[in-house]
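A structural walkthrough
Letter by letter, the chains look like this.
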Amino acid sequence: MNHIYSKKQSYIIGFSSFFLSLLGMIAIGKTYYVIKNATVYGAETQESESIFWLFKPLYLLLGTTKTAFDVWEFFILGMLFLGSIIFFIKKGKDTRLIAFAFSVILISNLVSVPSYIIYIIRSILKIGDGVKLHYFVFINAVLSLAYVVLSFYILKTIKKAKTLEAVTTETGTTIKDTPKVQRFFHFIIDTLIMLLVFFPLLMVILDASSKSHFLKIFLKNEFALLVFIFILRMIYYPFFEIVFGSTPAKFLTESRVVNYLAKHPSGSNIFQRTLCRSIPFNPVSFFWKTGWHDSLSNTHVVKEKRTGFKTSYLLLILLVFIPYIAFYYFGDKLIENYEAKKENQLTQDFIYSFNANSIQNINSDQAYVLRDLGYHEYEVVILKVEKVNGNEVICKKIIQPKTYTASFLSVREAYQQQKDTAQTYILDKKDFLNAAPKNLNEMDDHLRNAVDFFKNGKRYEISNIYTLSSPVLEEPNFWSEDEFRRTSIGIIFRNYGKSGKILSVKNLEGEVKWTDHFPVEIKNPQTDGNIYLKAENLKPNEGFSVEILVEDSLKHRQLYRVDRKDNPYMRFNINQLK
């Protein structure tokens with residue numbers, strides 16, 4: 001293809017980069033899809049699907065601690081794909097992205113070897129629950145070895161074709177030093193790569209040490225982190241700088257480590273250089289004339305002759321990724337908080353609207369749960385409405401001691417036990433209006449106009465309103481006859497109240513096709529507390545909102561809203577509107 005590499009070398013570098021990056025990105029996408037399905041549907045991963053995991057050339061598991069999609073793996077393989085395109089366009093004259101990606105693939109697969117060894121030993125010795133030797137482990141080991149051999153060959157081939165950038169002046173020829181900004185860039189990128197590559201191994205060690213009391217005590221100590229970082233450096237830097245003269249970050253900027261004769265430094269020089277990296281404030285020392293780990297080890301970081309686009313352009317490409325990474329780890333948290341706040345506000349709006357509507361239509365089937373704003377006593381007070389005469393509301397005072405909250409079932413049970421002995425009060429309808437918070441800011445507010453219902457100096461607000469003769473729908477979830485929950489045929493609810501009917505279901509968001517012939521019977525929970533609503537096109541990974549109209553045995557109607565959302569997390573919400 002060109003004079004820098006032979007035709008064979010060019011084909012191996014270019015096509016290996018192209019096809020391996022595609023294979024890796026497809027494997028990442030496929031494993032993400034499998035993991036997502038297993039998470040959403042509760043399905044076990046099939047062995048035929050798991051085989052895609054074997055072909056992943058990278059295992060940067062720090063990303064998958066956040067989601068099933070490993071953004072770091074995808075980014076590095078994306079750089080390899082872009083590097084292969086640039087390699088063909090530039091006719092083999094730019095290999096920085098390829099070298100960077102293959103250096104990460106190389107160290108990642110080398111580090112995976114101890115993981116395989118630890119896993120095999122644990123399997124043979126039967127250490128840990130559920131640890132068994134699987135042929136996948138051996139396939140993984142063989143593929144990792146193949147990636148190591150391929151990466152090593154490509155990096156050695158690329159490095160052999162590189163020459164140092166010399167600057168000729170009247171006084172002689174000098175080798176150009178790597179700019180200080182790029183040196184700082186090396187520190188950031190190499191530190192990140194170290195953490196990404198060695199994190200999976202650390203997890204394996206932590207898991208294997210679960211039976212060792214000494215290791216558990218040691219790893220809980222902050223000193224263990226310093227020891228771990230020191231060991232990482234003593235492996236990472238000597239390996240790359242002795243074998244290739246460059247770390248992954250230096251491959252990106254076309255830089256290499258040399259001695260004072262501009263030759264490849266000895267192993268002792270490199271180990272001295274690595275030891276000096278542990279000196280406090282060493283990372284910023286190269287902003288002076290020379291860095292401490294340079295001067296103390298008699299080494300220098302110099303530029304190789306540029307064969308492609310300027311390094312500054314490369315840094316611009318990487319800077320585009322920084323906002324995405326920041327959003328990946330921080331931005332979605334802000335969105336999650338915003339979504340949670342918005343959802344909480346919507347839920348509160350439903351509650352306050354329901355309370356206001358219930359008070360406007362106050363009737364003898366209602367029970368009002370009161371919250372003591374002064375928290376004088378460890379009890380819940382319930383007002384069970386017995387009769388309504390215009391603005392007069394005749395109630396029985398029910399006490400539920402030793403609790404701050406009350407569910408529908410506990411309120412109904414307390415009323416059944418105390419209705420014959422409970423004290424009766426005649427109250428004004430305005431008291432109920434004044435005792436109902438109008439918004440979230442009014443809840444538990446001692447200064448607002450709460451109500452002294454019993455003229456004993458205690459001020460109360462209404463926290464819940466229950467209709468005792470009506471169905472009470474709770475705990476919505478998908479109803480599926482599929483063992484792996486890949487498809488759903490409806491929604492299942494739990495009824496904690498009385499019997500009744502579902503008269504209709506109205507779609508607010510989504511196009512779910514409900515297939516029941518309404519009305520649908522709601523049985524007494526003592527007979528069957530489950531309610532089933534059928535649908536044809538209900539998918540567990542898609543959101544929707546519906547309104548459900550319910551009628552009780554007294555012909556009173558209630559309106560429920562059911563939301564199935566994906567943000568900020570997957571769940572069902574159910575609220576009674578009327």
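As the structure is a prediction and not an experimental result, all values here were calculated from the model. (Residues numbered from 1 in each chain as written. Predicted model: local features only at pLDDT ≥ 70, side-chain atom pairs only at ≥ 80, totals over all residues. Heavy atoms only, no water.)

Across all of its chains, the model carries 3 cavities of 30 Å³ or more by this definition. In this structure, the largest cavity occupies an estimated 50 Å³ of space. Looking at the lining of the largest cavity, the elements with two or more residues in it are helix H4 (96-125), helix H5 (135-160) and helix H9 (248-253). When the residues that make up the lining of the largest cavity are grouped by side-chain class, the tally is 3 nonpolar, 3 polar and 6 charged. (1 Å grid on protein atoms, 1.4 Å probe; cavity = no way out; pocket = protein on both sides within 12 Å on 5 of 7 lines; lining within 4 Å. Points joined across faces, edges and corners; volume = space filled by probe spheres on them. Helix = DSSP H or I, 4+ residues; strand = E, 2+ residues; numbered from the N terminus. Nonpolar A, V, L, I, M, F, W, Y, C, P; charged D, E, K, R; others polar.)

Taking 1.5 Å per residue, 19 residues should reach 27 Å; helix H3 (residues 71-89) reaches 27 Å between its end C-alpha atoms and fits that length. Among all positions of H3, only Val 71, Trp 72, Glu 73, Phe 75, Ile 76, Leu 77, Met 79, Leu 80, Gly 83, Ser 84, Ile 86 and Phe 87 are buried. Residue Lys 91 follows H3 closely and has a positive phi angle near 55 degrees. (Expected span 1.5 Å × (residues − 1). Buried < 20%, exposed > 50% of the residue type's maximum accessible area, 1.4 Å probe, protein only.)

On to a nonpolar patch on the surface, then. Together, Tyr 11, Phe 15, Phe 19, Leu 22 and Ile 26 line one region of the surface with nonpolar side chains, adding up to about 480 Å² of accessible area. If you trace the backbone, Phe 15 turns up in helix H1 (residues 7-41). When its relative accessible area of 36% is taken as the criterion, Phe 15 is described as partly exposed. (Patch = residues over 30% accessible without salt bridge, like charges linked within 9 Å, V, L, I, M, F, W, Y side chains within 5 Å. Areas by Shrake-Rupley, 256 points an atom, 1.4 Å probe, with all protein chains shown as cover. Salt bridge = Lys/Arg side-chain N within 4 Å of Asp/Glu carboxyl O.)

A word on the side chain of Asp 516. Mapped onto the fold, Asp 516 is located in the loop between strand S12 (500-509) and strand S13 (520-522). Buried and unpaired, Asp 516 has no salt bridge, with Lys 534 as the nearest side chain of opposite charge at 5.1 Å. A distance of 2.6 Å separates a polar atom in the side chain of Asp 516 from the backbone nitrogen of Lys 534. Among all residues touching Asp 516, those that are not within four sequence positions of it are Tyr 532, Leu 533 and Lys 534. (Lys, Arg positive; Asp, Glu negative; His and termini not counted. Polar contact = N/O pair within 3.5 Å; in protein donor to acceptor, adjacent residues only side chain to side chain. Contact = heavy atoms within 4.5 Å.)

Quick look at the pattern of salt bridges now. One pass over the structure, following the stated rule, counts 15 salt bridges. The salt bridge partner of Glu 165 is Lys 176, with a shortest N-O separation of 4.0 Å. Separated by 11 residues along the polypeptide, Glu 165 in the loop between H5 and strand S1 (166-169) and Lys 176 in the loop between strand S2 (172-175) and helix H6 (180-208) bring together distant segments of the chain. Judged by its relative accessible area of 23%, Glu 165 is partly exposed. Among the charged side chains, a network of salt bridges with common partners joins Asp 94, Arg 96, Lys 162 and Glu 254.

The next point concerns the environment of Tyr 415. Here Tyr 415 shows up in helix H13 (residues 408-418). Between the C-alpha atom of Tyr 415 and that of Lys 396, which follows or precedes it by 19 residues, the distance is 8.9 Å. If sequence neighbours within four positions are ignored, Tyr 415 has contacts with Lys 384, Glu 386, Ile 398 and Leu 468. Within the structure, the side chain of Tyr 415 is placed 2.9 Å from the side chain of Glu 386, a separation counted as a polar contact.

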